[in-house]
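If you want the building blocks of each chain, they are given just below.
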Amino acid sequence: MKKILLTLLVFGIVGCASVPPEQQLISYFNKQAYNSDITSDPELARWAAFGFLNGIIYLDHPNGNRIFTNVEINRLKGIQIFEELNKIGDKVSQANLGIIYRSGNGVDQDLRKSIDLLQPVKDDYYDAAGEYGVAIHQMLKMNLIPEGEKKYLIDEMLSSLELSAANNYIPAHNSLSQLYREGIYINTDLAKSNFHLEKSKVLAEKKIKLARNIAESRMLISQYSKTFSDEASRFATISMIVSFGAIGAMSYSQGYQQCSVGCSPPSVTDLLNWGVL
Amino acid sequence: MFISASCVSVAPPDVMARVEQDLAGVPTCIEMFRAVPADCKANPSYCLDVDFFNKNIVSYQEGAQTANAVFAVSRYEETNFVALCNWNRAGTLRGWKYIESNVLAACEKSRLTFMSKNNTSLKSCEIYARGNEIQ
């Protein structure tokens, strides 16, 4: 009887503590992301900033699985974290700020600021190089670059876009396709323009498919988990009724002793071994 | 454990031939499917501990031959080759729906992790076998 009470107590404690990992991840995010001292750990701060910008976070669980969950989008907060990290010399944050100011996602687009942020880090990250090239391309089209700077920046734009396109960065392929078709800053080359356009299409389709599959997988996980949990509850209800009967029978049995395998009546281990449970 | 282990035989040769063909490229999955209780000691990763408190380690063949066992796979979208697998077993009283949803949920978690880490699309998980019956 003591063993049964102890087991019930252990299950009670474990049951209460077993919050789904997604819920644990949200609690962890909320605790860390709103900590005023978050920039003391740049990696954690970047993780929180991406969460605020994209509304989705993930963490690698010790069991090897990657756990995803949605969080509230707060672009201002995300940008604020990147700004703080940039002030203390974090290159990744500098690159991300450059990308944000180029795209105008959550801020007013500021191409000059974007170029200034991306120029020092364009050789470290291919996406920063691509965005640097795209920002220059946009400024050229809007006639925002002084004549004296044009030649230098066109060279910078082309080398950055080529480097980034070689690393399959889609906006760089799009920009190069336009540049080769327009023939304003480089000689027209329709073959090269079509090559970059096709490459961009293939990469974009692949990216869309991957995003769709990731969303589908997350949906299926919750669907299957719900079915599993429903089935487990149904079985638990039946087991509980049977267990009450078994406990009652055991309490009347004089010969009942502590037993794990080969017991009469059979133990849980026996039932598992026989393929019943 | 001894009683059930002594009842488990190797997987039927025709089944294993099909498994080796279908799961070529993921040797771990083939070995997981093939594993009998004797393999668990040398290769614990092929087996599962189904009873945490009493250390009840089972292999896929033991589950397939003595209970309800399900083997699920996920395939590469571009080639249709199997990329990863998951399996589990449950007592017959729990029914197939219970164990299938459990294995498919675990397989989808592996699929999500794989796609996210490798930037490679995989098809949704499917039941490859119920016991030694390939679907």
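Numbering of residues starts from 1 in every chain and runs along the sequence as written. Just so you know, chain letters begin at A and ligand numbers begin at 1, following the order they were written in. Local features in this predicted model are restricted to residues of pLDDT 70 or higher, and side-chain atom pairs are both shown and tallied only at a pLDDT of 80 or more, whereas totals for entire chains, interfaces and linings draw on every residue.

(A) Structural detail: the overall build of chain A. When helices and strands are counted, chain A shows 11 helices and 2 strands. Beginning at the N terminus, the succession of helices and strands in chain A can be written as α-α-α-β-β-α-α-α-α-α-α-α-α. When we talk radius of gyration, it's over C-alpha atoms, and the globule rule is simply 2.2 Å times the number of residues to the 0.38. Taking 19 Å as the expected radius of gyration for a compact globule of 277 residues, we find that chain A reaches 29 Å, considerably beyond that expectation. Dimensions of chain A, computed from the C-alpha atoms along their principal axes, are close to 100 × 45 × 25 Å. Looking at chain A residue by residue over its 277 residues, the buried ones come to 26%. A separation of at least 24 residues holds for 46% of the contacts in chain A among residues at least 6 apart in sequence. By definition, any uninterrupted DSSP run of H or I lasting at least four residues is a helix, any uninterrupted run of E lasting at least two residues is a strand, and each is numbered from the N terminus. Remark: C-beta atoms are placed from the backbone, and a residue is labelled buried if 20 or more other C-beta atoms sit within 10 Å of its own, exposed if 12 or fewer do, or partly exposed between those counts. Distance between backbone-placed C-beta atoms decides contact: two residues are in contact if it is within 7 Å.

(B) Examining the overall build of chain B more closely. A tally of helices and strands in chain B yields 6 helices and 6 strands. Helices (α) and strands (β) of chain B occur, in sequence order from the N terminus, as α-α-α-α-β-β-α-β-β-α-β-β. A principal-axis box enclosing the C-alpha atoms of chain B has dimensions of 45 × 30 × 30 Å. Out of the 135 residues belonging to chain B, those deemed buried represent 44%. Pairs at least 24 apart in sequence give 54% of the contacts found in chain B among residues at least 6 apart.

(C) Representation of the sheet that holds strand β6 (residues 133-134) of chain B within the structure. All names here are of chain B. In this analysis, strands are considered paired if DSSP registers two or more bridges between them. Judged by pairing direction, the sheet is antiparallel, and its 4 strands sit side by side in the order β4-β3-β5-β6 without closing on themselves. Where the open sheet ends on each side, the last strands, each with one partner, are β4 (82-90) and β6. In this structure, strand β3 (residues 68-75) lies alongside β4, joined through 8 bridges in antiparallel fashion. Residue pairing across strands places N68 opposite A90, the latter belonging to β4. Note on geometry: axes are lines fitted to C-alpha atoms, helical ones only across the stretch in contact, with angles between N-to-C directions running from 0 to 180 degrees. The sheet strands contacting helix α6 (residues 96-118) are β3, β4 and β5 (126-130), and the helix crosses β4 at an angle near 150°.

(D) Fine view of the nonpolar core. A set of buried Ala, Val, Leu, Ile, Met, Phe, Trp, Tyr and Cys residues, joined to one another through C-beta atoms within 7 Å, is what we call a nonpolar core. If you look at the biggest cluster of nonpolar residues, it comprises 43 residues, and the most contacted ones within it are Y60(B), F71(B), A72(B), C85(B), W87(B) and V103(B). Looking at this core, the elements with two or more residues in it are α10 (190-252) of chain A together with α3 (27-34), β1 (48-51), α5 (60-66), β3, β4, α6 and β5 of chain B. With 10 residues, α6(B) is the single largest residue contributor to this core. Leave out the neighbours within four places in its chain, and C85(B) touches V26(B), C29(B), M32(B), F71(B), A72(B) and V73(B). Counting residues in each nonpolar core, the second largest holds 34 residues, with A33(A), A49(A), I100(A) and L161(A) among its members.

(E) Summary view of the environment of R218(A). Residue and element names in this part refer to chain A. In this structure, R218 sits in helix α10. Given 18 C-beta atoms within a 10 Å radius, R218 is considered partly exposed. Taking C-alpha positions, R218 is 31 Å from I238, a pair spaced 20 residues apart along the chain.

(F) Quick look at the domain arrangement of chain A. All names here are of chain A. Each domain span listed reflects an automatic or database assignment of domains. Splitting chain A by domain gives domain 1 (19-89) and domain 2 (97-200). Between the C-alpha centres of domain 1 and domain 2 the distance comes to 30 Å. Listed by partner, the interface residues are 7 residues for domain 1 and 4 residues for domain 2. Partitioned by chemical class, the residues of the side of domain 1 that touches domain 2 number 4 nonpolar, 1 polar and 2 charged. Three classes are used, and their members are as follows: Ala, Val, Leu, Ile, Met, Phe, Trp, Tyr, Cys and Pro are nonpolar, Asp, Glu, Lys and Arg are charged, and the others, Gly among them, are polar.

(G) Structural view of the pairing of β4(B). Counting buried residues along β4(B), 8 of its 9 residues qualify, which places the element largely inside the surrounding structure. Linking two consecutive strands that pair antiparallel, namely β3(B) and β4(B), is a turn of 6 residues; a positive phi of about 70° is found at N80(B) within it.

(H) View of the confidence of the model for chain B. Residues and elements named next belong to chain B. Known as pLDDT, the predictor's confidence for each residue is given on a scale from 0 to 100. Model confidence for chain B is summarised by a mean pLDDT of 89, while 93% of its residues fall at 70 or above. Mean pLDDT across the secondary structure elements of chain B bottoms out at helix α1 (residues 2-7), with 53, and peaks at β5, with 96. Across residues 1-5 the pLDDT falls below 50, and counting only partners more than four positions away or on other chains, this stretch makes 9 contacts in the model. Two summary scores accompany this predicted model of the complex, namely pTM at 0.80 and ipTM at 0.89.

(I) View of unusual backbone geometry. The phi dihedral of N168(A) is positive, around 65°, even though this residue is not glycine. Mapped onto the secondary structure, N168(A) falls in the loop between α8 (147-166) and α9 (170-182). Its 17 C-beta neighbours within 10 Å are what place N168(A) among the partly exposed residues. We note that N119(B) has phi near 50°; this positive angle belongs to a residue other than glycine. Relative to the helices and strands, N119(B) is located in the loop between α6 and β5.

(J) Region of the structure containing helix α6 (residues 111-118) of chain A. Residue and element names in this part refer to chain A. Burial in α6 covers these residues: S114, I115, L117 and L118. Angular distribution of buried residues about the axis of α6 spans 165°; they occupy a single face of the element. On the buried face of α6, the contacting elements are α5 (91-103) and α7 (126-141). Here the arc refers to the directions that run from the helix axis out to each C-beta atom.

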